[in-house]
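The residues making up each chain are set out below.
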Amino acid sequence: MATLGDIGVGASINILSAFLFFLVFAFLRLQPFNDRVYFPKWYLKGVRDSPTRSGAFVRKFVNLDYRSYVRFLNWMPEALKMPEPELIDHAGLDSAVYLRIYLIGLKIFVPIALVAWAVLVPVNWTNNTLDIATHLKNVTSSDIDRLSISNIPEKSQRLWTHIVVAYAFTFWTCYVLLKEYEKVANMRLHFLATERRRPDQFTALVRNVPPDPDESVSELVEHFFLVNHPDHYLTHQVVYNANKLAKLVKKKKKMDNWLVYYQNKLERSKTSVRPLTKTGFLGLWGKKVDAIEHYQSEIDKLKKEIPEEREKVSNDPKSIVAAAFVSFKSRWGAAVCAQTQQSRNPTIWLTEWAPEPRDVYWPNLAIPYVELTVKRLIMGVAFFFLTFFFMIPIAFVQSLASIEGLEKAAPFLKPIVEVKFIKSVITGFLPGIALKLFLIFLPTILMIMAKFEGYASRSSLERRAASRYYLFSLVNVFLGSIIAGSALEQLKTFMHQSPSDIPVTIGTAVPIKATFFITYIMVDGWAGIAAEILMLKPLIIYHLKNTFLVKTDKDREEAMDPGSIGFNTGEPRIQLYILLGLVYATLTPVLLPFIIIFFGLAYVVFRHQIINVYNQEYESAAAFWPDVHGRILSALLISQLVLLGLLTTKKAAQSTPFLLALPVLTFAFYKYCQGRFEPAFVRYPLQEAKMKDTLESAREPNLNLKGYLQSAYVHPVFKECDDDDDDEDHYSFEKLQPCNDRVYFAKWYLKGERGSPTSSGTFGSKFVNLDYRSYVRFLNWVPEALKMPEPELIDHAGLDSAVYLRIYLMGLKIFVPIAFVAWVILIPINWTDNTLDIAGKQANITSTNIDKLSISNIPYRSQRLWTHVVMAYAFTFWTCCVLLREYEKVATMRLHFLATEKRRPDKFTALVRNVPPDPEESVSEVVEHFFLANHPDHYLTHQVVYDANKLAKLVKKKKKMDNWLVYYENKLERSKTSVRPFIKTGFLGLWGKKVDAIEHYQSEIVKMKKEIPEERERVKNDPKSIMPAAFVSFKSRWGAAVCAQTQQSRNPTTWLTEWAPEPRDVYWPNLAIPYVKLTVKRLIMGVAFVFLTLFSLIPIAFVQSLASVEGLKKEAPFLNPIVKLKFIKSVMTGFLPGIALKLFLIFLPMILMMMAKFEGYPSRSSLERRVASRYYLFSLMNVFLGSIFVGSAFDQLYTLIHQSANVIPETIGFAIPMKATFFMTYIMVDGWAGIAAEILMLLPLILYHFKNTFLVKTDKDREEAMAPGSIGFHVGEPRIQLYILLGFVYSTITPVLLLFIIVFFGLAYAVFRHQIVNVYSQEYESGAAFWPDVHGRIVCALIISQLILLGLLSTKRAALATPFLLVLPVSTIVFYKYCADRFEPAFVRYPLQEAKMKDDLEHARDPDLNVRDYLQSAYVHPVFKVCDEDDEDKEHYSIV
């Protein structure tokens, strides 16, 4: 175990090594003969001349200026002096952005280190846990370990410090990453907008070209793109399998070098003896021949073979692979090709952005598509085995690199090892250098694997190798070193202690492993970075080549080996250090200074190298940044999980749950950044391409683009090419695609205010949104949804929609202040007690950390219970205040809406039901005579109600037949054969006689065309089809208001009048139900609902018992081994109960709607309100009370049986708040995920595209194919009420649940506002008539919460505090009655004064209005309005 002294020795060795490297570098870089080694970039740019060409002989090789040695470190400020824009021009965007990764490390860890050393180190150091553990548990530790979290005792309050600091570090890291992502994205967009013309901007790489026996690949490519891109295709270059030719060229170059070497050797020789060589392997054996003659003859042979092979490759069809570089006349054309699917078969004509010519990895272009897939599968398996089997030798090497391991493996070295200095070197230096040496060949192995997988560009090869290097480092260097190392070191200790202590020992060992990583950082980071700048290998190779192979300046330039950044090795190393920094920031902060030194040193060194040395091999415009960002966030997530596990071993039951939010928040941040910025890195916007094309055309109207592109992508073995790079692929969201426009913006189409984006533009842009900016701002639907002011929203979507949204707003208004107060006051009071710990030991009651935040953790008769009583009063008064203001506001909105809305038929009409029969008159005559007699000055006209349900079924059946007919006609048209489709005439076409489908449906439609007019005539003329109901219209609103709000007959069961629903709102099938039948039906459904509600308790309780660990173990013992798994157990307790209940209730709304329709409600709004009220009652009984009492009774059954009867009430009292965990999972499943799924509209999306594909011919057909849906008040409002109930109940019991409810209300408000603005079609307008129901249910929930708290306080034996709560329910009922009297009339009546004022105003504005014509057909049954022309040539629902 390394001590501070050992680390000091290791630091001294590495600091000395680094200083020595810098000193040697400073000396060597000043020598003129090394100038091409340390400044090659300037030579390649042609802006630096060799200092060895002039001056004295000695000065050509040695710098004799002493002042340059005095300022030997001036390369550091020089490296930092070049501003970033100049650096981008000089070295490219890739290099500049790569340097920003080091800057990110400094930006993140310098503030974190300051905070950690100021806060965490003192908190850790001032404990003695490890001293005690050393004596009692034989756990070895060092001084560094005492600075870590290992030195904090179990259940210590100090662990809260680490949690708070973890939140601070996470937020700071995310802030830095957000700013950097934004900065780099802007840099990339600016770079692409301002860079010069490059071939790859106009070119797409096409792979897997399908073979054609009649055409060559070149002809096939040309014909395909001339047909599919006729306006944009320019030229193409097929890809040749020139790998053999490339090997010959490479071999010839090698022979040229050897020939020059031996010629130079002969020239420098003082004798005339010609050099000899052996012809065998590496010149070690074989026949001895004259070297110069041998290599000249070999070169002569190759000079013959190369042209022959080149001719063969050019003319042999087998040498042309199924790939080509296709160039276009514009960037826009290339962008379209690269980002769209070219063929119906998605495995052929695969297109992607062409890499820039320098970036192309030519050997891999010859690999067929199928072979690529197999190769990548093989390499995936190979990498898996490489990664995990590497842990064995790494663990072995680390065991040898420790004192104990070395003494065990080599006992004869024990006297040497025990020397203090040697011991310090072994513990402070050897482990790091051993691991470094062991991994030295890994980058080469991973690059070989990437090349084998067939990636077509050097940049993609490096990114692939980098991602695998990072995974390898994560598993082997990080996890392998921690788990394998600590487990081996602590094995003996584990064997001699209780099994329950093993997790604690592991938890202690994880931060203790920090000493190893410190040594690794010093060796790999400090000394490794310092060695990087020395460039020892390029220095030696250059001088060898310069001595033996260089004759001309061109030879000398080729002898330089400037190298490149090495993204595939450098970036994973950075990520490993970021991971170590984030993990150990809260565990062992002493490691942070070592990481900061690395980042500072590396930034300076690599900035110098990029400016002076590295040659840019390609330019990807920082396309790698999303990978960098993602890996940093994965490191952040790992650090949070490690801390979470450590706190669990510390038994910090109260504080640990507070960390659970961090991974979720971090992942949400990742998704936000991915959606916000990533599109800028993976595609080239069409708008951007178009703008650049236009600008270039204006600047260079006579540009010969074909000549520019003609040879850009010729294989370098044929002809050298030199140009630059661009970006990549395609990324899309369903909502942004033009083909989904009618699904996600259906409302605007129905209003006629939005044109289809698929009706114009290019083929690709009709179906895929190619504007990158819409993806960058992919979340802008949220501010767009919130932007529309409420008055405009009412005009756009109606008052019902606007008021429905206010329910969500009201939830936020109520619970945000309540949550704030509860978290500030109640949670600290609850968790600072230990009642549940005592109860768990004495009464065997199970509990969780969340339960300890609840009122259950308050002991009997505690004075702290007064706080809950006071809070209950405060919460009640606040809720009533909000309810009062909202009721007043909505009532005002309703009156204003009714006063200002445009003319509607329902405001002049009353629905009259239960018209008494008269044997001498028809229903129509009875109605007319009655209202002429009783409303002579106001009666205008009426429309009797027909029982047209059969007629409606026939019309619906005909429409269905039309659809099937069109489907089979389209199927026949699309068929490549002339075989007509067949269908069976039986049930669902599964059995029966097989007939011609088209003829069958044509004959059925002909029958329908005869039956429908006959049924229509029968309905109109048959007195039995006329129901005792009518829509009676009046000359004024005032007359209608009088009729609707007054009793018409002495007999209160006849001439029943009510406001007519607006025509869209009428549910026509129920108007045909007689009054008496209505009463019976409602009685039956009332009883049925009671049984449904009560008997549903049994399956719900059973489902919940199965969805718990104990229940599943009891019902299915064979699943015990699976259930015991930590992850499975967490899923079952944290997710399964909620999803089980959600799935069980999925069909409930449909059942309740069927019951409401059976009861005979005449309007859709009344149906939905009825369903909503019953859904709420069902949820109250089954979801809330059922889950609490039935669930808790099953959960605690064993405990109840094994304790005395007088403890049972207390146990039930404890169980009610403990059920909060279940409701949290239910809110997350039903609320969070359910609301998020709502906006996706998956079912309407699928249905629309199905209809649009098979059933659409005209715009009218397309409009009918849309299914925008509606708010779904009957489902949404009960869910809101359930969450409001849970919020009220648990606000004083388990306040932690409030956060989940607030998230639901915020998310739901944004989502439903978006849907109301853009999607939902307003099926009816009731003028917010539902608000009294909403208000009443909220007040009901408030009273229930008060009664539950009253019962809980009784079980707590709070004899003094409990009576004070009795006033609350009474006060709440009084408040409800006040609101009902004050505001409810505005929702159930239409004031006559208001009606009269509006009538007078309308008469003054439009004195000649013919109200009769306006109302004549308003309430005609819609089945009579259906088009009755049955022309043979007019076919509905056919394909475009």
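First things first, this report covers the structure right here in the doc.

Reading guide: rules and limits
Residues numbered from 1 in each chain as written. Predicted model: local features only at pLDDT ≥ 70, side-chain atom pairs only at ≥ 80, totals over all residues. Heavy atoms only, no water. Helix = DSSP H or I, 4+ residues; strand = E, 2+ residues; numbered from the N terminus. Areas by Shrake-Rupley, 256 points an atom, 1.4 Å probe, with all protein chains shown as cover. Phe/Tyr/Trp six-rings, centres within 6.5 Å; stacked < 30°, edge-to-face > 60°. Lys NZ or Arg CZ within 6 Å of the ring centre and 35° of its normal. Patch = residues over 30% accessible without salt bridge, like charges linked within 9 Å, V, L, I, M, F, W, Y side chains within 5 Å. Salt bridge = Lys/Arg side-chain N within 4 Å of Asp/Glu carboxyl O. Lys, Arg positive; Asp, Glu negative; His and termini not counted. Charge placed at Lys NZ, Arg CZ, Asp CG, Glu CD. Expected span 1.5 Å × (residues − 1). Core = buried A, V, L, I, M, F, W, Y, C linked by side-chain atoms within 4.5 Å. Buried < 20%, exposed > 50% of the residue type's maximum accessible area, 1.4 Å probe, protein only. Pairing = 2+ DSSP bridges. Axes fitted to C-alpha atoms, helices over the stretch in contact; angles between N-to-C directions. Contact = heavy atoms within 4.5 Å. Parallel < 35°, antiparallel > 145°, perpendicular 65-115°, else oblique. Left-handed = near helix turned anticlockwise from the far one by under 90°. Nonpolar A, V, L, I, M, F, W, Y, C, P; charged D, E, K, R; others polar.

Some remarks on the overall build of the protein
- Secondary structure summary: the protein contains 67 helices and twelve strands in total.
- In the structure as shown, the protein presents an accessible area of about 66,600 Å², 63% of it carried by carbon and sulfur atoms.

A few points about the packing of aromatic side chains
- All chains considered together, the criterion is met by 51 aromatic pairs.
- Put simply, the rings of Tyr804, Tyr808, Phe815, Phe1273, Tyr1283, Phe1288, Phe1304, Phe1305, Phe1312, Tyr1320 and Phe1330 pair up and form one aromatic cluster.
- Positioned over the ring face of Phe1158 is Lys1081, at 4.1 Å from the centre of the ring.
- Over the ring of Tyr1161 we find Arg1082; its NZ or CZ atom is 4.3 Å from the centre of that ring.

What about a positive patch on the surface?
- Residues Lys250, Lys251, Lys254, Lys451 and Arg458 make up a contiguous surface patch of positive charge.
- The dominant element in the positive patch, judged by the number of residues it contributes, is helix 11 (residues 243-268), at three residues.
- Along the chain, Lys451 turns up in helix 20 (residues 442-453).

Quick word on helix 29 (residues 625-649)
- Helix length check: helix 29 (25 residues) gives 37 Å between terminal C-alpha atoms against 36 Å at 1.5 Å per residue, within 8%.
- Where helix 29 ends, the next residue or the one after it, Lys651, has phi of about 55°, a positive value.

Here we look at the nonpolar core
- Leu580, Trp625, Phe815, Phe931, Phe1184, Leu1286 and Trp1331 are the most contacted members of the largest nonpolar core, which has 270 residues in total.
- In terms of nonpolar packing, the next biggest core, distinct from the first, is built from 38 residues, Leu248, Leu259, Ala338 and Tyr684 among them.

Regarding the sheet that holds strand 5 (residues 320-328)
- Read across the open sheet, the four strands follow the order 2-5-1-6; overall the sheet is antiparallel. If you trace the sheet from one side to the other, it starts and ends with strand 2 (233-240) and strand 6 (350-353), each paired once. The mean angle between the axes of side-by-side strands here comes to 25°, regardless of whether they run parallel or antiparallel.
- The sheet contact formed by strand 1 (residues 203-207) and strand 6 spans four bridges and is antiparallel. Residue pairing for strand 6: Val206 is matched across the bridge by Thr351.
- Sitting on the sheet, helix 13 (residues 331-338) touches strand 1, strand 5 and strand 6, and the angle it makes with strand 6 is about 130°.

So, the packing of helix 7 (residues 93-125) against helix 28 (residues 592-612)
- Between helix 7 and helix 28, the least distance of the axes is 9 Å, while the angle of their chain directions is 160°. Classified by the interaxial angle, the pair formed by helix 7 and helix 28 is roughly antiparallel. Viewed along their axes, helix 7 and helix 28 form a crossing whose handedness is left-handed.

Digging into the sheet that holds strand 11 (residues 1026-1034)
- The sheet built from four strands is open, its strands ordered 8-11-7-12 with antiparallel pairing. A strand with exactly one partner marks an edge of an open sheet, and here the two such strands are strand 8 (939-946) and strand 12 (1056-1059). Ignoring which end each strand starts from, the neighbouring axes of this sheet average 25° apart.
- With five bridges connecting them, strand 7 (residues 909-913) and strand 11 associate as antiparallel partners. Note on strand 11: the bridge partner recorded for Arg913 is Ala1029.

Structural notes on the packing of helix 11 against helix 12 (residues 291-315)
- Contact geometry for helix 11 and helix 12: axes closest at 9 Å, N-to-C directions at 160°. As summarised for this structure, helix 11 and helix 12 are arranged roughly antiparallel, according to the angle between their axes. For the pair helix 11 and helix 12, the sense of crossing is left-handed.
- For the contact of helix 11 with helix 12, the class distribution of residues is 14 nonpolar, two polar and nine charged.

Re a nonpolar patch on the surface
- Taken together, the side chains of Leu1083, Val1087, Val1090, Phe1091, Leu1094, Phe1095 and Met1181 make up a nonpolar region of the molecular surface, amounting to roughly 670 Å² of accessible area.
- When residues in the nonpolar patch are grouped by element, the largest group, six residues, is from helix 47 (residues 1075-1095).
- Along the chain, Val1090 falls in helix 47.
- On the accessibility criterion, Val1090 (43% relative accessible area) is partly exposed.

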